[in-house]
Amino acid sequence: MHPTTPRKTGSRSHVAMGHTAPAASALRRNTSMTTTPSIQQSLSRSHGHSSGMRSSTSTPNMRDLMTHTKEERSSVSTFAVHASDVLRCLQRYNVFNDTFHIWHEGSFGTINGLRLGRLPSKPVEWAEINAALGQATLLLATVASRANLNFARHTPVARGSYSKMLTAPSKDKRKEYPLYSDGSFFQRQKFNQALVFFLECVDEAGVRAMREEPSLRFPYKIYKGKIGELAISVGGNDEQWTRALKYLLTHLKWLLAWIAKRIVRASSFL
């Protein structure tokens, strides 16, 4: 028997497959080699276009942000200049002149519109006199507080129309003297003593002011219950008493000017 001869179709098919496989792989390599650069170029062009779009859109935003920042800095600088001007004006402003307005009305000295004193032709009510003394007491207490002044012997206590003077402690006790009156004889002694103590505190504050300001000179001398040679006590000549109280308010006005200048000088170092 002769061996069986392979079928030609099978041989041709095998040969064809053997020859076409390398050709197909070569074709794929050629195709990839030819198409890959074009795809890469397209991608690179697309990337360049998108990055260009991002840069073109981001640049105006940064420019707007810088412009806005400059405007804010300019606004802050303008506000700082305005605030500095306002501060300088406030430093020159004397608030004490408005808080304690000392003036005169004929023969009377006035503080915040309240008359201090009595005249036979113009008998001022004691309620108004007490209120005026309360304002004067508050003024003196404010000056002492601003100047860090502790009075040596007596202390003014501002309580409106019922203000008073306290003496220095003696055996853990302090005596009170009223800076108000109803005009009766029974209250006159303590009331006059309170006026003398008040005048001593005014003189003590004046000595402190002249020590700090050697050029400062008060117009009236205070000595032993008198100011400008006039007694501060009530009960004698009403005209002289009214004039003495007017001198007292003048002295207080000078103290206000001193303390205002002192505060302005202190604020200039801040």
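Being a predicted model, the structure only gives us computed values, none of them experimental.

Asker: How should I be thinking about the packing of helix H3 (residues 126–146) against helix H4 (residues 185–212) in this particular structure?
Answerer: For any two helices packed against each other, one specifies the crossing angle of their axes together with the interaxial distance. Axis separation between H3 and H4 bottoms out at 11 Å; the angle between their running directions is 30°. The angle between the axes of H3 and H4 places the two elements in the roughly parallel class. Here H3 and H4 pass one another in a crossing that is left-handed. Contacts from Trp126, Leu133, Ala136, Thr137 and Leu140 of H3 reach H4 at Phe191, Leu195, Phe198, Cys201, Val202 and Ala205.

Asker: Help me understand the environment of Thr155, please; the structure alone is not making it clear to me.
Answerer: By the secondary structure assignment, Thr155 is in strand S4 (residues 154–157). Between the C-alpha atoms of Thr155 and Phe198, which are 43 residues apart in sequence, the distance is 8.2 Å. Every residue in contact with Thr155, bar those within four places of it in the chain, is listed here: Lys164, Met165, Leu166 and Arg174. Within polar-contact distance, the side chain of Thr155 engages the side chain of Arg174 at 3.1 Å.

Asker: What exactly am I supposed to notice about the sheet that holds strand S7 (residues 222–223) here?
Answerer: Picture the strands of a sheet paired through backbone hydrogen bonds; they go either parallel or antiparallel. The three strands are arranged S7-S8-S9 in an open sheet whose pairing can be described as antiparallel. With partners counted over all chains shown, the strands left at the sheet margins are S7 and strand S9 (230–231), one partner each. Here S7 pairs with strand S8 (residues 226–227) via two bridges, running antiparallel. When the bridges of S8 are listed, Ile222 appears paired with Ile227.

Asker: I'm lost on the sheet that holds strand S3 (residues 114–116) in this one. Help?
Answerer: If you walk across this open sheet you meet the three strands as S1-S2-S3, and the pairing is antiparallel. The sheet is open, and its two edges are formed by strand S1 (102–105) and S3, each paired on a single side. Neighbour-to-neighbour, the strand axes of the sheet open up by a mean angle of 40°, direction not taken into account. Judged from the three bridges that link them, strand S2 (residues 108–111) and S3 form a sheet pairing that is antiparallel. Within S3, the position partnered with Thr110 by the bridge is Arg115.

Asker: Is there a simple way to explain the pattern of salt bridges in this structure?
Answerer: Oppositely charged side chains are able to pair whenever their charged atoms sit close together. Applying the stated criterion across every chain, the model contains five salt bridges. Close ionic contact of Glu128 with Arg115 constitutes a salt bridge, the shortest N to O distance being 3.1 Å. Taken together, the residues span a long stretch of sequence, with Glu128 in helix H3 and Arg115 in strand S3 at a distance of 13 residues. By relative accessible area, Glu128 is classed as buried at 18%. With a relative accessible area of 21%, Arg115 lands in the partly exposed category. Taking the shortest distance from any N to any O, the salt bridge between Glu212 and Arg208 comes out at 3.0 Å. Remark: Arg208 and Glu212 occur in helix H4; sequence separation between them is four residues, near one turn of the helix.

Asker: Is there a simple way to think about the pairing of strand S5 (residues 164–167) in this case?
Answerer: Side chains on a regular strand alternate between the two faces of the sheet. Along S5, one buried face is formed by Lys164 and Leu166 and the opposite face, lined by Met165 and Thr167, is buried too. Between S4 and S5, which pair antiparallel one after the other, the connecting turn spans six residues, and Gly160 there sits at a positive phi close to 65°. By the bridge criterion, three bridges tie S5 to strand S6 (residues 176–178) in an arrangement that is antiparallel. Bridging from a neighbouring strand, Lys164 pairs with Pro178 of S6.

About the thresholds
- Residues numbered from 1 in each chain as written.
- Predicted model: local features only at pLDDT ≥ 70, side-chain atom pairs only at ≥ 80, totals over all residues.
- Heavy atoms only, no water.
- Axes fitted to C-alpha atoms, helices over the stretch in contact; angles between N-to-C directions.
- Helix = DSSP H or I, 4+ residues; strand = E, 2+ residues; numbered from the N terminus.
- Parallel < 35°, antiparallel > 145°, perpendicular 65-115°, else oblique.
- Left-handed = near helix turned anticlockwise from the far one by under 90°.
- Contact = heavy atoms within 4.5 Å.
- Polar contact = N/O pair within 3.5 Å; in protein donor to acceptor, adjacent residues only side chain to side chain.
- Pairing = 2+ DSSP bridges.
- Salt bridge = Lys/Arg side-chain N within 4 Å of Asp/Glu carboxyl O.
- Buried < 20%, exposed > 50% of the residue type's maximum accessible area, 1.4 Å probe, protein only.

That is the geometry; function is a separate question.
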